[in-house]
Structures are given as structure tokens and as C-alpha cells.
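So the chains spell out like this:
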Amino acid sequence: MRLSELIACGGCTEVWTGSSAAHCAAADCHRTFSGPSAFDLHQPGECRHPADVGLVPRERSWGTAWGWSDRNGGILAGRLAGDLT
Ligand SMILES: [Zn+2]
Ligand SMILES: [Zn+2]
């Protein structure tokens, strides 16, 4: 992976990659999600802990991304929604 493919947050040290990944830039949050639909679960208006809304952390080469689990519709649901899985 080239460094130029990494995306960085201006408010923390997290980096991630993948055009559909989403990062929450709220103060005290700064978590990275596998995509917009996972992010929507996390933040219906205010930040919820990802585990409380059924998301699971996945280790990636560039860090941790919270994504769909089989508990809340499965990896397929996230994939259909356009998230990284
Ligand atoms: Zn951040
Ligand atoms: Zn958040």
C-alpha cells in the first residue's frame, strides 16, 4: 500500500484507506467505520458506542474499522450498503 492511499483525520492520529470507509471526527470519538451504513448505526444523531449498536471491530492493515457483524444483518448487509466488509 502506498502512503498516498491513506486518508488521515485532522483531529487525531488515525489513518485509514478505502474510499467507502468512514471516520467519526466528533470530539472524544474518532473511531473508524467500514462504511457509511456502519457509521449511521453508530451515530443516529449522537455517538453511540459501536459495540452497543451491534458493530464489531475488525483489524485491518491500517488500523481498526468497526463494521457489521452477523448479529445485525450480517456482513452481506454491509456489503449491499456499500461498506467495506
Ligand atoms: Zn479522527
Ligand atoms: Zn462518533
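The paragraphs below set out a description of the structure included in this document. (Residues numbered from 1 in each chain as written. Chains lettered and ligands numbered in written order. Predicted model: local features only at pLDDT ≥ 70, side-chain atom pairs only at ≥ 80, totals over all residues.)

Remarks on the environment of Pro36
Consideration 1: Position of Pro36 relative to the elements: it lies in helix 1 (residues 36-42).
Consideration 2: Expressed as a C-alpha distance, the spacing of Pro36 and Gly67, which sit 31 residues apart in the sequence, is 9.9 Å.
Consideration 3: The residues touching Pro36, leaving out its near neighbours within four places in the chain, are Ser20, Ala22, Gly82 and Asp83. (Helix = DSSP H or I, 4+ residues; strand = E, 2+ residues; numbered from the N terminus. Contact = placed C-beta atoms within 7 Å.)

So, the pairing of strand 6 (residues 63-67)
Both faces of the sheet carry side chains from a regular strand, because those side chains alternate between them.
Consideration 1: Pairing between strand 5 (residues 56-60) and strand 6: five bridges, direction antiparallel. Within the sheet, the bridge partner assigned to Val56 lies in strand 6 and is Gly67.
Consideration 2: Joining the antiparallel neighbours strand 5 and strand 6 is a turn of two residues. (Pairing = 2+ DSSP bridges.)

Worth remembering: the numbers are spatial, not functional.
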